[in-house]
Amino acid sequence: MNTDFLTTLNPPQKEAVTTTDGPIMVIAGAGSGKTHVLTCRIAYMLEYGNEAGEKVDSFDILALTFTNKAAKEMRERIEKMVGTEARNIWMGTFHSIFSRILRVQAEKIGYSRDFTIYDQEDAQGLVKTILKELKIDEKVFKPNYIHNRISMAKNMLVSASEYEQYVRDEWSEKTHQVYKIYEQRLKSANAMDFDDLLIKPLELFKNNPDVLAQYQERFRYILVDEYQDTNHAQYMITRYLAHKHENITVVGDDAQSIYSFRGANIQNILNFNKDYPQAKIIKLEQNYRSTPNILAVANDVIQKNKDQIQKTVWTANQEGEKVTVIRSLTEQDEANRVADIIRSSRYELNLALKDFVILYRTNAQSRAIEEGLRKVGIPARVIGGMSFYQRKEIKDLIAYFRVTLNDNDEVALKRIINYPTRGIGDATVEKIMQAASVSKNTLWQVLNNIEQYIPNSRISGAVQDFATMIQHFREYNETHDAYETAKYIVHQCGLFKELKSDTSPEGVSRIENIQELLNAIKFFTDDATRSDKSLSFFLQEVSLLTNADLSPDEDAVTLMTIHTAKGLEFPVVFVVGVEEDLFPSKSSLNSRSELEEERRLFYVAVTRAKKRLFLSYSEQRYRFGNISDSTASRFIKEINPELLNLEGKASQIIRKHEKNHQEYLQKNLHYTTKSMLSTQKAVLPKEDFNGEFIPCNPADLQVGMQVRHEKFGKGKITGLEGIGGNQKAHVFFNAVGNKTLLLKYAKLMIVQE
DNA sequence: CCGTTACTCGTTTTT
DNA sequence: CGAGTAACGG
């Protein structure tokens, strides 16, 4: 190990690294080398031991990070310093670490270890189902609002029954009603939502002192990064675990607390020394990232906030340029100007495209920017928004995996029971749910013995077939790894066939996405360092992925929300849409604390920049399809004007570098973005049929006959099925391909050869 | 039962 | 403008 690393640290950094024992709070200003300190600290403990001179075992360290990516990077850096010992450290997000622990301890809290994790969409879907069942108007009581209230309650450790005491209006009353059933349904689905991954460990610890003692002993050294964004449940977890040894280090910056909307409590960091009166507080105030100008802008704005820990972030870095404020007329204009500046300054500063980032307040803003970059041929990578694993086709396939592994997964089951369509409609699903709830049996039992619960039903055959198919998947999975099982399911469940028949650009891209998921699973199964190659384990990992975790390494400009950019740095940063009502967001103007959070968000945005920073606003912006006027954000007005350059000199620089850009385009002509895929629908070719349309008697139809349909034109019957009113014909139409028609309604005319 | 069409309503931010 | 839902016709 390189023993010189201590000399690379400034005095407070060194203190943060070498003070190994007892409670410590490190206030790490933006760009103060926090990650470096954390890595050195862990390496130091492993290499030199604690203050008593004992070596610290890598298995005894628990490090909680904000994203899985941060954990991965830190682990790699530690491994470079101390070797493979680094692999034993428990390092990851709260959610991933405790889902791991809950798998092992599942039986103790009444779950089985194959429990499913419901993401936001799944959880909201369940709330919606419950609202429907309770006949509560979901137009008024929106599922996402109700779910949000439930989630907040769970974060605050208020159970469904305890929630009753907070009922004071119609909203809280309905929330209470739904909350109770929501919890039951999660339980009977053997599922946990994101909040449960933090609450259930507390339940486990409370009811099993021996288990708590075991983990307290194991995690002798606890480290929590981004402590300013922990919520109450996370706070309680750390208190429980640290209670015995009190070797807890929390690292954070109150000025960067930006997640209160999901329950983060800034008081956790502001009150740390009340919880641990003997705590040592170390402030890292020297910034190594940004120019003095950029830092001055950040400080100007943040000092308007009342609630904060006193600190002075400063830098010894070289004087840079002024911060440029870009003012545009429209959002297209804004996008064009950003694109222009990128294509000129990349040559002027000799930067790669991935050195540029464009940050915005809301995901919806990415479109205009993407379009502007695409026009001049600059590749862009949009992080977040609809991420890969949230796409419909991916979620559909994953729902098949989920049902295969956990047959009580209600949400996943509903999603796939009739997709691709197999004749089990809403009405039938409703009946099945009813039967399960009345008989107090699981959904799976009902499905498997459908005749017993819903006798003489028309659709029992279809339901039985579905159940048998899932049963096959389950058996196959027992003897195969994740990739083999996934491939088997894709081809057997009908999804692949369904998508293959769709030849539109979106259909093709869906097939590609399915293929990409299979590749990801293959990559997972081929990973030699993994011991568990089951589909179950793959799913567990996938459900906890975050935006920041997906990082293909092509050279492209990055677009993301400011929230996603937390913890990152870029040579050149554009903050776009710095307008009143957008940033600060309109909905934050009701309270001082919400406005202060917006200001912290602005602080985070500004402090991502190393060399150059642009703040951009437009005088007009599309909102809900209408153009509306906007003005510069109050945050811009809070900056000392001397730090700002109000007019960029974009145009001259562009002319100077236009030739370089043209050469670049020549070399990269193949470049396209996904957003270029057109969404146009297939247009039916006009047919030269002018005769009178006379529908035939369905009984006269035979396989192989040429027929004509009023809308679809000419086709050939490829199959007939069903009897009486339920008779269907499969017809291959020249214009639109295969269709299944219910002959009760569809009129066909026999074409005489 | 299924697909198409007409309307409504919304944007914070995410593990 | 676009996603998502209700209503309807085949």
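Going by the structure above, here's the rest.
How each quantity is defined
- Residues numbered from 1 in each chain as written.
- Chains lettered and ligands numbered in written order.
- Predicted model: local features only at pLDDT ≥ 70, side-chain atom pairs only at ≥ 80, totals over all residues.
- Heavy atoms only, no water.
- Helix = DSSP H or I, 4+ residues; strand = E, 2+ residues; numbered from the N terminus.
- Buried < 20%, exposed > 50% of the residue type's maximum accessible area, 1.4 Å probe, protein only.
- Areas by Shrake-Rupley, 256 points an atom, 1.4 Å probe, with all protein chains shown as cover.
- Core = buried A, V, L, I, M, F, W, Y, C linked by side-chain atoms within 4.5 Å.
- Contact = heavy atoms within 4.5 Å.
- Pairing = 2+ DSSP bridges.
- Near = heavy atom within 4 Å.
- Polar contact = N/O pair within 3.5 Å; in protein donor to acceptor, adjacent residues only side chain to side chain.
- Nonpolar A, V, L, I, M, F, W, Y, C, P; charged D, E, K, R; others polar.
- Axes fitted to C-alpha atoms, helices over the stretch in contact; angles between N-to-C directions.
- Phe/Tyr/Trp six-rings, centres within 6.5 Å; stacked < 30°, edge-to-face > 60°.
- Arc of directions from axis to C-beta.
- Expected span 1.5 Å × (residues − 1).
- Parallel < 35°, antiparallel > 145°, perpendicular 65-115°, else oblique.
- Left-handed = near helix turned anticlockwise from the far one by under 90°.

Asks: Report on the overall build of chain A, specifying residues and quantitative values.
Replies: Along the backbone of chain A there are 29 helices and 24 strands. Expressed as a percentage of the 753 residues in chain A, the buried residues total 50%. Summed over all atoms, the accessible surface of chain A reaches about 36200 Å², with 49% contributed by carbon and sulfur.

Asks: Any chance you could break down the nonpolar core for me, citing the residues and the numbers?
Replies: In terms of nonpolar packing, the biggest core is built from 52 residues, with F401, I432, L447, F466 and L517 touching the most fellow members. With eight residues, helix α16 (residues 392-405) is the largest single contributor of residues to this core. Ignoring anything within four residues of it in the chain, the contact list for L447 reads L413, I417, I432, V463, Q464, F466 and A467. If you look at the next biggest cluster of nonpolar residues, it comprises 44 residues, including F98, F115, V211 and A233.

Asks: Can you explain the side chain of T116? Please cite residues and give values.
Replies: Along the polypeptide, T116 turns up in strand β4 (residues 116-118). Aside from chain neighbours lying at most four places away, what touches T116 is N190, A191, M192, R402, N406 and D409.

Asks: Describe the pairing of strand β17 (residues 620-623), naming the residues involved and giving the relevant values.
Replies: Along any regular strand, the residues point their side chains to alternate faces of the sheet. Bridge count between β17 and strand β18 (residues 626-629): four bridges; the pairing is antiparallel. Counted as the bridge partner of R621 is S628 from β18. Taking the residues that link successive antiparallel strands as the turn, the β17-β18 hairpin has two residues, and the phi of F624 there is positive, at about 55°.

Asks: Can you break down the protein's contact with DNA strand B residue by residue, with the values?
Replies: In the neighbourhood of DNA strand B, 25 residues make up the surrounding shell, with Q120, R361, N363, T546 and T561 lying closest. Among all atoms of DNA strand B positioned within 4 Å of the protein, those belonging to sugar or phosphate total 41%. A distance of 3.3 Å separates a sugar or linking oxygen of DNA strand B from a polar atom in the side chain of R262. Here a phosphate oxygen of DNA strand B sits 3.2 Å away from a polar atom, N or O, in the side chain of T428. Residue composition of the surface near DNA strand B, grouped by class: five nonpolar, 16 polar and four charged.

Asks: Hey, could you go over the sheet that holds strand β8 (residues 280-284) for me, with residue numbers and the actual values?
Replies: Strands sit in the order β3-β2-β6-β7-β1-β8 across an open sheet of six strands; the sheet is parallel. In the strand order of this sheet, the two ends are held by β3 (90-93) and β8, each with one partner. Neighbouring strand axes in the sheet, compared pairwise and without regard to direction, differ in orientation by 15° on average. Note that strand β2 (residues 61-65) and β3 share four bridges and pair parallel. Within β3, the residue paired with T65 across the bridge is T93. Sheet strands touched by helix α1 (residues 11-18): β1 (24-28) and β8. Its angle to β8, the strand with the most contacts, is close to 140°.

Asks: Mind laying out the packing of aromatic side chains, listing which residues take part and the relevant values?
Replies: The full count for this structure, using the stated rule, is 23 aromatic pairs. Ring centres 4.9 Å apart and planes at 25° place the aromatic pair Y44 and Y48 in the stacked group. Here Y44 pairs with Y48, and both are found in helix α2 (residues 34-48), just four residues apart, close to one helical turn. A relative accessible area of 16% means that Y44 is categorised as buried. Taking the relative accessible area as the measure of exposure, Y48 reaches 36% and is therefore partly exposed. Each ring, one from Y476 and one from Y488, has its centre 3.8 Å from the other, and the planes form 0°; the classification is stacked. A residue pair is termed long-range when its members are at least 10 positions apart, and Y476 in helix α21 (residues 460-478) and Y488 in helix α22 (residues 482-492) qualify at twelve residues.

Asks: Describe the pairing of strand β11 (residues 323-328), and please don't skip the residues or the numbers.
Replies: The buried fraction of β11 amounts to five of the six residues, a majority that puts the element mostly inside the structure. Across two bridges, the pairing between β11 and strand β19 (residues 644-645) is parallel. Looking across to β19, one finds that T324 is bridged to N645. Sheet topology note: the β11/strand β16 (residues 609-618) ladder contains five bridges and is parallel. What sits directly across from R327, in β16, is Y617.

Asks: Pulling in residues and values, what's your account of the environment of D196?
Replies: Positionally, D196 belongs in helix α8 (residues 196-207). Linking D196 and T175, residues 21 residues apart in sequence, is a C-alpha distance of 17 Å. A polar contact of 2.8 Å, which involves the side chain of D196, links it to the side chain of K154.

Asks: Provide a residue-level description of the sheet that holds strand β15 (residues 570-575), including the pertinent values.
Replies: Ordered by their spatial adjacency, seven strands build an open sheet running β13-β14-β12-β15-β16-β11-β19, and the pairing between neighbours is parallel. Each of the sheet's edge strands pairs with one partner strand only, and the pair in question is β13 (380-382) and β19. In this sheet, strand β14 (residues 557-561) lies alongside β13 in parallel orientation, the contact comprising three bridges. If you follow R381 over to β14, its bridge partner there is T558. Against the sheet, helix α13 (residues 292-302) contacts β11, β16 and β19, and its axis sits at roughly 50° relative to β16. The sheet strands contacting helix α15 (residues 366-375) are β12 (356-360), β13 and β14, and the helix crosses β14 at an angle near 170°.

Asks: Describe in detail unusual backbone geometry, supporting the description with residues and values.
Replies: For residues besides glycine, phi is generally negative; the peptide bonds are generally trans as well. For the bond running from Y419 to P420, omega is 0°, close enough to zero to count as cis. Within the element layout of this structure, P420 appears in the loop between α17 (410-416) and α18 (426-439). Omega for the bond connecting F583 with P584 falls within 30 degrees of zero, at 10°, which places this linkage in the cis form. For P584, the position within the fold is in the loop between β15 and α27 (592-606). Phi angles above zero are rare outside glycine, and E246 is one such case at about 55°.

Asks: Please provide a residue-by-residue account of α15, values included.
Replies: Residues three or four positions apart in an α-helix share a direction because the helix packs 3.6 residues into each turn. Among the residues making up α15, those that are buried are S366, I369, G372 and L373. Buried positions in α15, seen along its axis, are confined to an arc of 130° and lie on one side of it. Those residues of α15 that are exposed and aimed more than 90 degrees away from the buried face are R367 and K375. G377 sits one or two positions beyond α15 and adopts a positive phi of about 75°.

Asks: Mind laying out α18, listing which residues take part and the relevant values?
Replies: With 14 residues, α18 extends 20 Å from end C-alpha to end C-alpha; this agrees with the ideal 20 Å at 1.5 Å per step. All buried positions along α18 are accounted for by T428, V429, I432, M433, A435 and A436. Viewed end-on, α18 has its buried residues packed into an arc of 160°, placing them on one side of the element. Counted as exposed and oriented over 90 degrees from the buried face of α18: D426, A427 and V438. Those residues of α18 hidden inside the fold are in contact with α5 (120-133), α7 (170-188), α17, α19 (443-448), α20 (450-453) and α21.

Asks: How would you explain the packing of α21 against α22 if you had to name every residue and give the values?
Replies: Look at α21 against α22: their axes get within 9 Å of each other, and the N-to-C directions meet at 160°. Here α21 is positioned roughly antiparallel relative to α22, judged by the angle of their axes. For the element pair α21 and α22, the recorded crossing hand is right-handed. Within the contact between the two elements, α21 uses M469, H472, F473, Y476 and N477 and α22 uses E484, T485, Y488, I489 and Q492. Looking at the contact of α21 with α22, its residues break down into five nonpolar, four polar and one charged.

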